[in-house]
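# Summary of structural features
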Amino acid sequence: MFSQNRMTSGLTIKVDRLSRVELFTYPLIICIHAYALVVFGATYWIDSRDYISLAAAMSSPGGLQLFYQTTGQWIFSHLGPGVPGAWLLLSELPVSWQWPALAIFQHMVAAGALIFAFRTVYRLWPSPVHMIFVLLLLLLPAYQAFHNSLLTESCTSSLVLIGFSCCLRIARGSRSISGCVVGALIVIVCVTQVRSYWGAIVALMLLYALVSRTFLISRWMIVLFAVSASSALAFPTYRYLQDGQFFLPTGGINLLISASQANPHPSSTVNALLKVAGFPDTLTHSGITMSDALLIAEKWRAEGRPNSEINEKAEELASALRSDGASVQLNRLLYAMASIGAILPSAVVPQTHEVFPGYSPRNFLDHLYGYYRWQSWASSEDYRSTFGRFFGPQAASDAAIFPFAVLSNAKIYAAFNPYISTFGVALRDPINIGVVPPDLWLLLALLAAAFLTIQAKEVTILLVCSLATAFAVAYAFPVGNPRYSVPLLPLYFFVTSIGAAHLIARLRLSRVHQKKAAKISSHIN
């Protein structure tokens, strides 16, 4: 159990006040989540179709073999079974209940994770300032919107916050270490099935927490590696048992597309490689699109190459594209920064530089910011008409190239369309916090982490474990999308909150010392 009268750098509070703050905060968390469920309505992105398609493949005889026969292995090998599995359960309900059940479940998990994290931080460093930052997070559209969608962001952000809290309890000396380790291990298993690299991130945080408690050589370390490995191999093994194909998540032709976007003007050497691979010259000047990549993959398949060799060939070309000079590395750096929530660095890049095919740095910044606002449901655009373009009957021709996608569009349209919100932006973003670029939350967290380096280094190291790994993944891929920073947002707010609590405590302590010094000086005089 945590000490309820713990003192850290002047942070101390009485039990009765602690209970009052907690009793006020927990219902507040639940109420605002319930409010967000209603005012945001059904939220979406085109990726939802892919999860339902995989769910359809998992539930039909020979479905996985059909799904991964061509495009599935080229494009969707990274998809985990977590979200598709959740949809299979939802499919047992009447259609009109499917979206409400999804949103209620995700908000319940998110509220539970937030309460657990608040309890952890508040018991370690008691201060009412934590309640302020929790309130700001609850009112942030980028945090709330994804709890209403069939995507990975909601469950990932909730699970990562639970894992962070468990690791923080371990590193700060919780006596109930077994329960915290088991909790973190469960998070690793679950989040790996939702978004695989976040399983590795939580495992890294748990590794640090155990080492900090001198458990480097212990049964817990063996269990950690065993659980991490089995979590990563679980779905590939299941696929192998179903259709005889064993493969791990790869970039495939997605990697080729993203590398081409980071390199709008390939060198003559890389152009020669692309030409030998079968790409016409016209493609290399505008970037390789999904249709371009699918055409070349079909060409390679017609030549008799198996899927694994097609993916390897695509990744070889991607490697050449993404290592093609300093300008490409700059673009990869900007992409990776955007994926952890830093979109403003594009503003300082010379406007003559092409960050993305056809995009100047300013255009790229405007695109990222608009995308961040849109996916936060903080935009004034018509979400209902966009939903129709994504999943309505008019989208059938675009979806037809992917296995099970036409059926998936119909399922999403039927389940989500009645619940697309018609509420105004003012209700979804009542304090206009959604207009603030995500850079601010990252900057505050970094400043707080630097401030906490000595007083609470565990917080700093756990943030670095998650932030550095997420950055490295985005740089390696490369992909630039502020949506990928959503699982980091709760960590940013809690780290900032802890830093603010320490700063306030230090200022109070300094004021006390000044008053004592003034009294002593007056007595002497």
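Quick caveat: nothing in here was measured; it's all calculated off a predicted structure.

Our next topic: the confidence of the model for the protein chain. When pLDDT is averaged along the protein chain, the result is 91, and 94% of the positions lie at 70 or above. Least confident of the elements in the protein chain is helix α20 (residues 396–399), whose mean pLDDT is 76; most confident is helix α8 (residues 141–144), at 98. Low confidence marks residues 1–16, where pLDDT is under 50. Its contacts with residues over four positions away, or in another chain, come to 37 contacts.

Our next topic: the environment of A42. Relative to the helices and strands, A42 resides in the loop between α1 (15–40) and α2 (48–59). Judged by relative accessible area, which is 0%, A42 ranks as buried. Here the alpha-carbon distance between A42 and L150, two residues 108 residues apart in the chain, equals 9.1 Å.

Evaluation of the coordinates by the stated rule reveals 10 salt bridges. Across the salt bridge formed by R123 and E22, the nearest N and O atoms sit 2.9 Å from each other. Within this pair, whereas R123 is found in helix α6 (residues 95–124), its partner E22 is found in helix α1, the two being separated by 101 residues in sequence. Counted as one network, the salt bridges with shared partners bring together D47, E153, R195 and R483.

Next up on the list: unusual backbone geometry. Between F477 and P478 the backbone carries a cis peptide bond, its omega angle lying at -15°. Counting through the fold element by element, P478 comes out in the loop between α24 (457–476) and α25 (489–524).

This part covers the packing of aromatic side chains. In this description, an aromatic ring pair is defined by two values, namely the gap between the centres and the angle between the planes. According to the stated counting rule, one finds 28 aromatic pairs in the structure shown. Relative to W377, the ring of W374 lies with its centre 5.1 Å away and its plane at 65°, an arrangement referred to as edge-to-face. Centroid distance F387 to F391: 5.3 Å. Interplanar angle 55°. Geometry classified as tilted. Of the two residues, F387 and F391 are both situated in helix α19 (residues 383–391); the distance of 4 residues between them amounts to about one turn of the helix. Neither residue differs from the other here; F387 and F391 are each classed as buried. In this structure an aromatic cluster arises from ring pairing among Y44, W45, Y371, W374, W377, Y383, F387, F390, F391 and Y413. Just above the ring of Y68 sits the side chain of R239; from NZ or CZ to the centre is 5.0 Å. One cation-aromatic arrangement involves R332 over Y475; the distance from NZ or CZ to the ring centre is 4.1 Å.

Our focus in this paragraph is the packing of helix α10 (residues 177–194) against helix α12 (residues 219–243). The interhelical angle for the contact between α10 and α12, taken along N-to-C directions, is 20°, at an axis separation of 8 Å. Judged by the angle between their axes, α10 and α12 are roughly parallel. For α10 against α12, the interelement crossing comes out right-handed. The residues of α12 that touch α10, namely those facing S178, V181, V182, L185, I188, V189, T192 and Q193, are W220, V223, L224, V227, S228, S231, A232, A234 and F235. Taken together, the residues of the contact of α10 with α12 sort by class into 12 nonpolar, 5 polar and no charged.

Residues L114, L140, L168, L206 and Y492 are the most contacted members of the largest nonpolar core, which totals 80 residues. With residues near it in sequence (within four places) discarded, L206 still touches C167, I170, V181, A184, L185, I188 and L224. Y68, A297, A320 and W377 belong to the second largest nonpolar core, which has 70 residues in total.

Moving on, we come to α19. Side chains of residues three or four places apart in an α-helix project in the same direction, reflecting 3.6 residues per turn. Within α19, burial applies to Y383, T386, F387, G388, F390 and F391. Where α19 is buried, its residues touch α2, α18 (361–375), α21 (405–416) and α22 (425–428). At the N-terminal boundary of α19, the capping side chain belongs to D382, with an oxygen 3.1 Å from the backbone nitrogen of R384.

Moving on to the side chain of S421. Here S421 is to be found in the loop between α21 and α22. Among the polar contacts made by the side chain of S421, one reaches the main-chain carbonyl oxygen of V39 at a distance of 2.8 Å. Looking at S421, its side chain comes within polar contact range of the main-chain nitrogen of F423, at 3.1 Å. Setting aside residues up to four positions removed in sequence, S421 forms contacts with V39, F40, G41, A42 and R428.

So, on to helix α5 (residues 82–90). Of all the positions in α5, only V83, P84, W87 and L90 are classed as buried. One face of α5 carries all of its buried residues, which in axial projection span an arc of 115°.

Scanning the entire structure with this criterion turns up 0 disulfides. There is no disulfide at C155, and the cysteine sulfur nearest it, in C190, is 9.1 Å away. Owing to a relative accessible area of 35%, C190 belongs among the partly exposed residues under this scheme.

Rules used in this analysis
Residues numbered from 1 in each chain as written. Predicted model: local features only at pLDDT ≥ 70, side-chain atom pairs only at ≥ 80, totals over all residues. Heavy atoms only, no water. pLDDT = per-residue confidence, 0-100. Helix = DSSP H or I, 4+ residues; strand = E, 2+ residues; numbered from the N terminus. Contact = heavy atoms within 4.5 Å. Buried < 20%, exposed > 50% of the residue type's maximum accessible area, 1.4 Å probe, protein only. Salt bridge = Lys/Arg side-chain N within 4 Å of Asp/Glu carboxyl O. Phe/Tyr/Trp six-rings, centres within 6.5 Å; stacked < 30°, edge-to-face > 60°. Lys NZ or Arg CZ within 6 Å of the ring centre and 35° of its normal. Axes fitted to C-alpha atoms, helices over the stretch in contact; angles between N-to-C directions. Parallel < 35°, antiparallel > 145°, perpendicular 65-115°, else oblique. Left-handed = near helix turned anticlockwise from the far one by under 90°. Nonpolar A, V, L, I, M, F, W, Y, C, P; charged D, E, K, R; others polar. Core = buried A, V, L, I, M, F, W, Y, C linked by side-chain atoms within 4.5 Å. Polar contact = N/O pair within 3.5 Å; in protein donor to acceptor, adjacent residues only side chain to side chain. Arc of directions from axis to C-beta. Disulfide = S-S within 2.5 Å.

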